[in-house]
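Residues per chain are reported as follows:
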Amino acid sequence: AQRVTQPEKLLSVFKGAPVELKCNYSYSGSPELFWYVQYSRQRLQLLLRHISRESIKGFTADLNKGETSFHLKKPFAQEEDSAMYYCALIGETSGSRLTFGEGTQLTVNP
Amino acid sequence: GAGVSQSPSNKVTEKGKDVELRCDPISGHTALYWYRQSLGQGLEFLIYFQGNSAPDKSGLPSDRFSAERTGGSVSTLTIQRTQQEDSAVYLCASSQTGIYGYTFGSGTRLTVV
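Attention in this report is confined to the structure presented alongside it.

What counts as what
Residues numbered from 1 in each chain as written. Chains lettered and ligands numbered in written order. Predicted model: local features only at pLDDT ≥ 70, side-chain atom pairs only at ≥ 80, totals over all residues. Heavy atoms only, no water. Helix = DSSP H or I, 4+ residues; strand = E, 2+ residues; numbered from the N terminus. Rg over C-alpha atoms; globule rule 2.2 N^0.38 Å. Buried < 20%, exposed > 50% of the residue type's maximum accessible area, 1.4 Å probe, protein only. Contact = heavy atoms within 4.5 Å. Areas by Shrake-Rupley, 256 points an atom, 1.4 Å probe, with all protein chains shown as cover. Core = buried A, V, L, I, M, F, W, Y, C linked by side-chain atoms within 4.5 Å. Disulfide = S-S within 2.5 Å. Salt bridge = Lys/Arg side-chain N within 4 Å of Asp/Glu carboxyl O. Buried area = accessible area lost by both parts, 1.4 Å probe. Polar contact = N/O pair within 3.5 Å; in protein donor to acceptor, adjacent residues only side chain to side chain. Nonpolar A, V, L, I, M, F, W, Y, C, P; charged D, E, K, R; others polar.

Comments concerning the overall build of chain B
Then comes step 1: If you tally the helices and strands in chain B, you get 0 helices and 11 strands.
Then comes step 2: What you see for chain B is a C-alpha radius of gyration of 13 Å, in line with the 13 Å of a compact globule of 113 residues.
Then comes step 3: Across the 113 residues that make up chain B, the buried fraction comes to 49%.
Then comes step 4: A fraction of 53% describes how many contacts in chain B between residues 6 or more apart in sequence connect residues 24 or more apart.
Then comes step 5: As displayed, chain B offers around 5,200 Å² of accessible surface, 44% of which is attributable to carbon and sulfur atoms.

Overview of the environment of Gly40(B)
Then comes step 1: Checked against the element boundaries, Gly40(B) lands in the loop between β4 (31-38) and β5 (42-50).
Then comes step 2: Gly40(B) sits 62 residues away from Tyr102(B) along the chain, and the two C-alpha atoms are 22 Å apart.
Then comes step 3: If sequence neighbours within four positions are ignored, Gly40(B) has contacts with Lys9(A) and Glu102(A).

Looking at the nonpolar core
Soluble globular proteins: nonpolar side chains tend toward being buried together.
All names here are of chain A.
Then comes step 1: Judged by nonpolar contacts, the single largest core of 25 residues is most densely connected at Trp35, Leu72 and Tyr85.
Then comes step 2: By residue number, the principal contributor to this core is strand β9 (residues 83-90), which donates 4 residues.
Then comes step 3: With residues up to four places along the chain from it excluded, the contact list for leucine 72 reads Val19, Glu20, Leu21, Trp35, Leu47, Leu48, Phe59, Thr60, Ala61 and Tyr85.

Some thoughts on the state of the cysteines
Residue and element names in this part refer to chain A.
Then comes step 1: For the structure on display, the rule yields 2 disulfides over all chains.
Then comes step 2: Across the disulfide from cysteine 23 sits cysteine 87; the S-S distance is 2.0 Å. Judged by the sign of its S-S torsion, about -65°, the bond between cysteine 23 and cysteine 87 is left-handed. Of this pair, cysteine 23 sits in the loop between β3 (19-21) and β4 (24-26) while cysteine 87 sits in strand β9, and the two are 64 residues apart along the sequence.

Remarks on the environment of Phe104(B)
Then comes step 1: Mapped onto the fold, Phe104(B) is located in strand β10 (residues 103-104).
Then comes step 2: As a C-alpha pair, Phe104(B) and Ser5(B) span 99 residues in sequence and 8.6 Å in three-dimensional space.
Then comes step 3: Among residues more than four places away in sequence, those in contact with Phe104(B) are Tyr36(A), Arg43(A), Leu44(A), Phe100(A), Val4(B), Tyr35(B), Leu91(B), Cys92(B) and Ala93(B).

Some points on the pattern of salt bridges
Then comes step 1: Counted according to the given criterion, the structure contains 8 salt bridges over all chains.
Then comes step 2: Residue Lys73(A) pairs with Glu20(A) through a salt bridge whose shortest N-O separation is 3.7 Å. You can see Lys73(A) sitting in strand β8 (residues 69-74) and its partner Glu20(A) sitting in strand β3, a full 53 residues away along the chain.
Then comes step 3: Accessibility expressed as a relative area gives 38% for Lys73(A), which makes it partly exposed.
Then comes step 4: Close ionic contact of Arg97(A) with Asp56(B) constitutes a salt bridge, the shortest N to O distance being 3.1 Å. Of the two residues, Arg97(A) sits in the loop between β9 and β10 (98-100) while Asp56(B) sits in strand β6 (residues 53-56), which places them in two different chains.
Then comes step 5: Overall, the relative accessible area of 23% leaves Arg97(A) in the partly exposed class.
Then comes step 6: Ionic contacts of the salt-bridge type, sharing partners, join the residues Glu20(A), Lys22(A) and Lys73(A) into one network.

Here we look at the side chain of Asp56(B)
Then comes step 1: Given a relative accessible area of 15%, Asp56(B) falls into the buried group.
Then comes step 2: Apart from the residues within four sequence positions on either side, Asp56(B) is in contact with Arg97(A), Phe45(B), Ile47(B) and Tyr48(B).

A closer look at the interface of chain A and chain B
Then comes step 1: Contacts between chain A and chain B engage 18 residues on the former and 19 residues on the latter.
Then comes step 2: Carbon and sulfur atoms make up 54% of the area that chain A and chain B hide from each other, which totals about 1,700 Å².
Then comes step 3: Here chain A is connected to chain B by 1 salt bridge.
Then comes step 4: Connecting chain A to chain B are 9 residue pairs in polar contact (both at pLDDT 80 or more).
Then comes step 5: Of all elements in the fold, only β5 (32-38), β6 (45-49), β9 and β10 of chain A reach the threshold of two or more residues within the side of chain A that touches chain B.
Then comes step 6: Of the residues that constitute the side of chain A that touches chain B, the class distribution is 9 nonpolar, 3 polar and 6 charged.

In structure tokens, the structure reads:
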């Protein structure tokens with residue numbers, strides 16, 4: 001079975017501070033991992049995906065297979081980063097079905 | 001279309017009534033997914049279509065829930081005899097290949113009173 005865990009439901013930081021949103025996964029094979037973001041009153045949208053090794057809006061995420069983690073990081077948080085963040089994975093045998101974590105609500109205070 | 005379109009955006013229904021939720025995916029996207037987003041529950045997978053067939057409907061919570069997709073395009077999620085616990089935001093997404101991520105619609109907020 002595949003599972004995604006985001007241990008923090010709420011995370012609050014000050015503008016300019018570093019931020020890390022934690023994500024751990026459980027899957028026996030080689031999953032593809034994603035971060036999705038939902039800003040207030042907007043639709044859920046893809047932020048970044050492991051397969052592309054990209055940095056979007058200053059966010060990066062590194063896959064650590066030893067720790068089965070895919071934490072999302074940004075060195076200097078901005079107020080506009082306040083949103084709900086979901087970590088998700090697709091397993092090799094899940095037929096492209098995304099399994100989501102429960103999400104972390106990030107608030108960046110001025 | 002340019003994005004995934006869902007209708008209605010809001011639906012209030014009385015307990016026991018049937019509802020139909022519609023999803024119009026991005027043109028050319030062969031895969032279509034339904035999820036349910038409830039407060040404190042995260043995103044719950046319901047069903048996945050590849051073309052018109054549903055290889056994975058394991059997430060449908062009960063036999064009151066059904067979905068179909070016609071012409072490899074529009075999908076309808078039907079909930080019969082709605083219950084208060086069905087209240088949630090129902091999200092639809094489409095993709096060409098899942099490993100590059102999904103594009104989500106803005107959802108239908110269903111309230112059962």
